[in-house]
Amino acid sequence: EPEVTQTPSHQVTQMGQEVILRCVPISNHLYFYWYRQILGQKVEFLVSFYNNEISEKSEIFDDQFSVERPDGSNFTLKIRSTKLEDSAMYFCASSESHGVGGGETQYFGPGTRLLVL
Amino acid sequence: AQSVTQPDIHITVSEGASLELRCNYSYGATPYLFWYVQSPGQGLQLLLKYFSGDTLVQGIKGFEAEFKRSQSSFNLRKPSVHWSDAAEYFCAVRVNSWGKLQFGAGTQVVVTP
């Protein structure tokens, strides 16, 4: 069964450093998402992406964050200058369609646990 | 404000016993409703979803959920839990047919022998 994959599974970085989290969505999917879960808190939406553009972003997704689909398979989240409060589990999700005639189903990857020291 | 509430942070259940996890939402209209499960070290796996139609939906792993409009609830049930059901369960809602999901805080389920 096709699945969303994410690399790395864990990343430790120093405050102020740049990190890139990578995701490979399911191959025929067109809509891509990033969410994060700070330890002990809810899973929060960060950004959605379609047709090489951001569709929607949350207040969390400020200028320090960016997303890119550099090729036909990868979808990346970059944090330019990490802060302590960026420590979280970051989930990528993808969906095939926007569910015309029905609803969209998002499929999640296993997550990348980011620790900022 | 729109919200999703899972009142139970932690539930302990004996293997073979029934399980019910509560989810309430606060939205102006009927949202799209989901239950995801997260096993230790794993990602979020979709258990089931409700978009419209029959208010009792069946999912994977023997789970079902019932949408009750009058109570703004979408509770998850399983008649007989297995030790492998120990995990964290998240209710999620979406206002539109697509787009961002809003998650509840999650319910941690512990299964005892």
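Structure shown above.
In this convention, every chain numbers its residues from 1, walking through the sequence in written order. To read the labels, note that chains go from A and ligands from 1, taken in the order they are written. With the structure being a predicted model, the display of local features is reserved for residues of pLDDT at least 70 and the display and counting of side-chain atom pairs for 80 or more, all residues being used for whole-chain, interface and lining totals. Side-chain measures were taken over the full set of non-hydrogen atoms in the model, leaving aside hydrogen atoms and water.

Residues and elements named next belong to chain A. Cysteine sulfur atoms that come within 2.5 Å of each other are treated as a disulfide pair. Throughout the structure, instances matching the rule amount to 2 disulfides over all chains. There is a disulfide in this structure between Cys23 and Cys92, and the S-S distance comes to 1.9 Å. Looking along the S-S bond of the Cys23-Cys92 disulfide, the torsion reads about -65°, which is the left-handed sense. Of the two residues, Cys23 sits in strand S3 (residues 19-24) while Cys92 sits in strand S9 (residues 88-95), which places them 69 residues apart along the sequence. Here Cys23 matches Cys92 in class, with each residue buried. A run of H or I in DSSP becomes a helix once it reaches four residues, and a run of E becomes a strand once it reaches two; helices and strands are each numbered from the N terminus. Three exposure classes are used, based on accessible area relative to the maximum for each residue type with a 1.4 Å probe and protein chains only: buried under 20%, partly exposed in between, and exposed over 50%.

Another aspect to go through is the layout of surface pockets. By volume, the largest pocket amounts to about 610 Å³. Buriedness for pockets is judged along seven lines, at least five of which must meet protein on both sides within 12 Å for an open set on the 1 Å grid over protein atoms alone, while cavities are sets there where a 1.4 Å probe fits but cannot get out, and lining residues have an atom within 4 Å of a point. Lining the largest pocket we find 26 residues, and of these Glu1(A), Glu3(A), Phe108(A), Leu44(B) and Gln45(B) sit closest to its centre. Those elements that provide at least two residues to the lining of the largest pocket are strand S10 (107-108) of chain A together with strand S5 (32-38) and strand S6 (44-50) of chain B. No other element matches S6(B), which puts 5 residues into the lining of the largest pocket. The residue inventory of the lining of the largest pocket, partitioned by class, reads 13 nonpolar, 10 polar and 3 charged. Grid points are joined across faces, edges and corners, and a volume is the space filled by probe spheres set on the points. Just so you know the grouping, Ala, Val, Leu, Ile, Met, Phe, Trp, Tyr, Cys and Pro go in nonpolar, Asp, Glu, Lys and Arg go in charged, and all remaining residues, Gly too, go in polar.

What follows is about the side chain of Gln106(A). By the secondary structure assignment, Gln106(A) is in the loop between S9 and S10. What makes two residues a contact is simply this: any of their non-hydrogen atoms within 4.5 Å. Among all residues touching Gln106(A), those that are not within four sequence positions of it are Tyr33(A), Tyr35(A), Ala93(A), Ser94(A), Ser95(A), Tyr36(B), Arg94(B), Gly99(B) and Leu101(B).

Note on ring pairs: Phe, Tyr and Trp rings are taken, using the six-membered ring of Trp, and paired if centres are within 6.5 Å. Classes follow the plane angle, with under 30 degrees stacked, over 60 edge-to-face and the rest tilted. A full pass over the atoms with the stated rule returns 22 aromatic pairs over all chains. Centroid distance Tyr25(B) to Tyr27(B): 6.4 Å. Interplanar angle 45°. Geometry classified as tilted. We note that Tyr25(B), like Tyr27(B), is buried. Of the aromatic side chains, those joined through ring pairs into one cluster are Tyr33(A), Tyr35(A), Phe45(A), Phe91(A), Phe108(A), Tyr32(B), Phe34(B), Tyr36(B), Phe51(B), Phe90(B) and Phe103(B). Note on geometry: a ring has a charge over it if NZ (lysine) or CZ (arginine) is within 6 Å of the ring centre and within 35 degrees of the ring normal. Lying across the ring of Tyr32(B), Arg94(B) places its NZ or CZ 5.5 Å from the centre.

A carboxyl oxygen of Asp or Glu within 4 Å of a side-chain nitrogen of Lys or Arg is what we treat as a salt bridge. Taken as a whole, this structure holds 8 salt bridges over all chains when the rule is applied. In this structure, the salt-bridge partner of Lys100(B) is Glu56(A), at a minimum N-O distance of 3.3 Å. Of this pair, Lys100(B) sits in the loop between strand S10 (87-94) and strand S11 (102-103) while Glu56(A) sits in strand S6 (residues 53-57), placing the two residues on different chains. On the basis of relative accessibility, which here comes to 41%, the residue Lys100(B) falls in the partly exposed class. Residue class for Glu56(A) comes out partly exposed when judged on its relative accessible area of 29%. Put simply, Arg77(B) and Glu66(B) hold a salt bridge, and the shortest N to O gap is 3.3 Å. Of this pair, Arg77(B) sits in strand S9 (residues 73-78) while Glu66(B) sits in strand S8 (residues 64-68), placing them 11 residues apart in sequence. On the accessibility criterion, Arg77(B) (23% relative accessible area) is partly exposed. The class for Glu66(B) is partly exposed, based on a relative accessible area of 23%.

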